[in-house]
Amino acid sequence: MLNGEPHQLDEGLTVAALLTQLGLNQRRIAVEINREIIGRDDYALRAVANGDQIEIVHFVGGG
Amino acid sequence: MTDPFDLAGKSYHSRLIVGTGKYRDFTETKRAVEASGAQIVTVAVRRVNITDAATENLLAFLDPSHYTILPNTAGCYPAEEAIRTARLAREAGVGTLLKLEVIGDQQTLFPDVTATIEAARTLVKEGFHVLPYVSDDPIACKKLEEIGCVAVMPLAAPIGSGLGIRNPYNIRIILEQSRVPVIVDAGVGTASDAAITMELGCDAVLMNTAIAGAKDPLLMAAAMRLAVDAGRKAFLAGRIPRKLYATASSPIEGLLA
């Protein structure tokens, strides 16, 4: 699951690769997998697994 | 800088903090923020739209090296959700300032004060500089200050209501007791509300809808900038006491017989 939607990802895809695929690698975002925040330094190391709940958030307009 | 506004170790010349929600597009957001003269802007944390991820990017319009970005936890109900949002905001890399907002009720958007205090306690321990949105309740503000919040942000009126300061006397009590900056957050409707806030002696005022929802947001942003400045100057100048009867402005001596 990616941001609440079912999403097919390649086996062994790292967070870094996922962010590149999505065009988000240069952006101020934060990533959570199964409610655990993934530090920036771990993006290249952490591979996503089947059934992971992935959340990618960024900043939007708000008060 | 004369009369700086000091917040969490940084000095600002503007005492107007603006939200970035409810604008037509990011260009309008940027122009309104510029017209307001604000140096601190609030933002919300939300899921990236995965199907269209590359297009939307607020921070491309509001450069974090130029503005202090104040992420909020808006829309969060239990304390845990607010804490989770806060941690994600910090991870996204705009610093440790946080507008803590734990909502207690959907219709009024009044804060859940006990949950706010609970969340603030955790977040302060984790090194956040917490600015809590809170009721205009001196006791709650006192507790939040004691916990280690860097400011308190009592509401003037419900979020987006535009009713202005509903209880200036509570705000005065909060001002008297507080050793951290008091920022009125939410409820401002028009420029006079902002001026009154500053005339009371508040350190700053935070608003979003009053500007973004105006017919002409850029003009209202400019009006708010002037109002905050005018109100602050009037506060520093010290107003005359209110009196029931007249006092002549022109001398009595020399009147024609």
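The following paragraphs examine the structure supplied in this document.

## Topic: the overall build of chain A
Okay, step 1: A count of helices and strands for chain A gives one helix and three strands.
Okay, step 2: Along chain A, from the amino end to the carboxyl end, the secondary structure elements read α-β-β-β.
Okay, step 3: Against the 2.2 N^0.38 benchmark of 11 Å for 63 residues, chain A shows a C-alpha radius of gyration of 11 Å, consistent with a compact globule.
Okay, step 4: Along the first, second and third principal axes, the C-alpha atoms of chain A reach 40 × 25 × 20 Å.
Okay, step 5: By residue count, 43% of the 63 residues in chain A fall in the buried class.

## Some remarks on the interface of chain B and chain A
Okay, step 1: On the side of chain A, 25 residues touch chain B, which itself brings 32 residues to the contact.
Okay, step 2: Taking both sides of the interface into account, the surface hidden between chain B and chain A amounts to around 2,600 Å²; carbon and sulfur atoms contribute 58%.
Okay, step 3: Taken as a group, R47(B), I50(B) and E91(B) account for 25% of the area that chain B buries against chain A, more than any other trio of residues on that side.
Okay, step 4: Counting the contacts that link chain B with chain A gives three salt bridges.
Okay, step 5: Across the salt bridge formed by R84(B) and E32(A), the nearest N and O atoms sit 2.5 Å from each other.
Okay, step 6: Our count for the contact surface shared by chain B and chain A stands at 14 residue pairs in polar contact (both at pLDDT 80 or more).
Okay, step 7: Of all the elements in the fold, those that place two or more residues in the side of chain B that touches chain A are β4 (40-47) and α2 (79-91) of chain B.
Okay, step 8: Its residues assigned to classes, the side of chain B that touches chain A shows 15 nonpolar, eight polar and nine charged.

## With respect to the sheet that holds strand β7 (residues 129-134) of chain B
Residues and elements named next belong to chain B.
Okay, step 1: Pairing is parallel across the open sheet formed by three strands, whose spatial order is β6-β7-β8. Only two strands of the sheet have a single neighbouring strand rather than two, namely β6 (97-100) and β8 (153-154).
Okay, step 2: Bridge count for β6 against β7 is four bridges, and the pairing is parallel. Among the inter-strand pairings, L100 is bridged to a residue of β7, identified as P132.
Okay, step 3: Its contacts with the sheet place helix α3 (residues 113-125) against β6 and β7, and it is angled at close to 175° to β7.

## A word on the pattern of salt bridges
Okay, step 1: Enumeration over the complete set of coordinates arrives at 14 salt bridges over all chains.
Okay, step 2: Its salt-bridge partner being E36(A), residue R46(A) comes within 3.7 Å of it at the nearest N-O pair. In this pair, R46(A) sits in the loop between β2 (36-38) and β3 (54-61) while E36(A) sits in strand β2, placing the two residues 10 residues apart along the sequence.
Okay, step 3: E126(B) serves as the salt-bridge partner of R87(B), at 2.5 Å between the closest nitrogen and oxygen. With R87(B) in helix α2 and E126(B) in the loop between α3 and β7, the pair connects residues that are 39 residues apart, well separated along the chain.
Okay, step 4: Residue R87(B) is classed as partly exposed on the basis of its relative accessible area, which comes to 35%.
Okay, step 5: Linked through salt bridges whose partners overlap, the residues forming this network are E32(A), R35(A), E81(B) and R84(B).

## Brief notes about the nonpolar core
Okay, step 1: Formed by 69 residues in total, the largest nonpolar core has its most connected members in F59(A), L100(B), L123(B), V205(B), M207(B), I211(B) and M224(B).
Okay, step 2: The residues contacting M224(B), other than those within four sequence positions of it, are L16(B), V188(B), G189(B), T190(B), A191(B), A194(B), M207(B), A210(B) and I211(B).
Okay, step 3: In this structure, V31(A), I33(A), I38(A) and V48(B) belong to the second largest nonpolar core, which totals 18 residues.

About the criteria used
- Residues numbered from 1 in each chain as written.
- Chains lettered and ligands numbered in written order.
- Predicted model: local features only at pLDDT ≥ 70, side-chain atom pairs only at ≥ 80, totals over all residues.
- Heavy atoms only, no water.
- Helix = DSSP H or I, 4+ residues; strand = E, 2+ residues; numbered from the N terminus.
- Rg over C-alpha atoms; globule rule 2.2 N^0.38 Å.
- Buried < 20%, exposed > 50% of the residue type's maximum accessible area, 1.4 Å probe, protein only.
- Contact = heavy atoms within 4.5 Å.
- Buried area = accessible area lost by both parts, 1.4 Å probe.
- Salt bridge = Lys/Arg side-chain N within 4 Å of Asp/Glu carboxyl O.
- Polar contact = N/O pair within 3.5 Å; in protein donor to acceptor, adjacent residues only side chain to side chain.
- Nonpolar A, V, L, I, M, F, W, Y, C, P; charged D, E, K, R; others polar.
- Pairing = 2+ DSSP bridges.
- Axes fitted to C-alpha atoms, helices over the stretch in contact; angles between N-to-C directions.
- Core = buried A, V, L, I, M, F, W, Y, C linked by side-chain atoms within 4.5 Å.

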